[in-house]
Amino acid sequence: MSNLVPIEPATLGPAKIGSVAQERRLEGDPVLSTWALDEAHGGLVKSGIWEATPGANRSIKGTTFEFCHILSGVVEITEDGGAMRRYTAGDSFLMKPGFTGVWRTIETVRKIYVTVTPQ
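Reading the values: rules and limits
- Residues numbered from 1 in each chain as written.
- Predicted model: local features only at pLDDT ≥ 70, side-chain atom pairs only at ≥ 80, totals over all residues.
- Heavy atoms only, no water.
- 1 Å grid on protein atoms, 1.4 Å probe; cavity = no way out; pocket = protein on both sides within 12 Å on 5 of 7 lines; lining within 4 Å.
- Points joined across faces, edges and corners; volume = space filled by probe spheres on them.
- Helix = DSSP H or I, 4+ residues; strand = E, 2+ residues; numbered from the N terminus.
- Nonpolar A, V, L, I, M, F, W, Y, C, P; charged D, E, K, R; others polar.
- Contact = heavy atoms within 4.5 Å.
- Polar contact = N/O pair within 3.5 Å; in protein donor to acceptor, adjacent residues only side chain to side chain.

Chemist: Before we go on, may I ask you to explain the layout of surface pockets in this structure?
Modeler: Empty space among the atoms can be located by rolling a probe the size of a water molecule over them. Put simply, the largest pocket is a space of about 730 Å³. Surrounding the largest pocket, 31 residues form its lining, L32, W50, K61, E66 and K111 being those nearest its centre. Going through the elements one at a time, β1 (16-19), β3 (31-40), β4 (45-52), β5 (55-60) and β9 (100-116) are the ones with two or more residues in the lining of the largest pocket. Partitioning the lining of the largest pocket into residue classes produces 12 nonpolar, 12 polar and seven charged. Taken together, I77, T78, E79, G82, A83, R85, Y87, F93, L94, M95, K96 and F99 form the lining of the second largest pocket. Of all the secondary structure elements, the ones that give two or more residues to the lining of the second largest pocket are β6 (65-79), β7 (84-88) and β8 (92-95). Residue classes in the lining of the second largest pocket are distributed as seven nonpolar, two polar and three charged.

Chemist: When you look at the environment of R58 in this model, what are you seeing that I'm missing?
Modeler: Here R58 is to be found in strand β5. Each C-alpha atom of the pair R58 and V20 lies 9.1 Å from the other, and the pair is 38 residues apart in sequence. Those residues within four positions of R58 in sequence are excluded, and the remaining contacts are R24, L26, D80, T100, G101 and V102. Of the polar contacts made by the side chain of R58, one reaches the side chain of D80; its length is 2.8 Å.

Here it is in structure tokens:
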């Protein structure tokens, strides 16, 4: 197995389909699609491509650190007690452990993610 893993969205195959937990759903009923790409360190580090249809939900990171790079779509994220920030294709951001706020998908969004969750 190679230690260099290309990210080729056109060749991902079928996604794992999910939804936002009822207790976190604020607007709409977003459909979540995940293409897991790789894991390391016993599943503590994960990467993949994730997509969500429009809607809003509570986002709670807990102890997880997440890097996101938006491939397409528009999302607005408002950290509790903070200002709303809008991200579109080409933008990247981090959600650090302890983040809580509202994730609002304005236009179906697709992102590359890398998460790290400590033991």
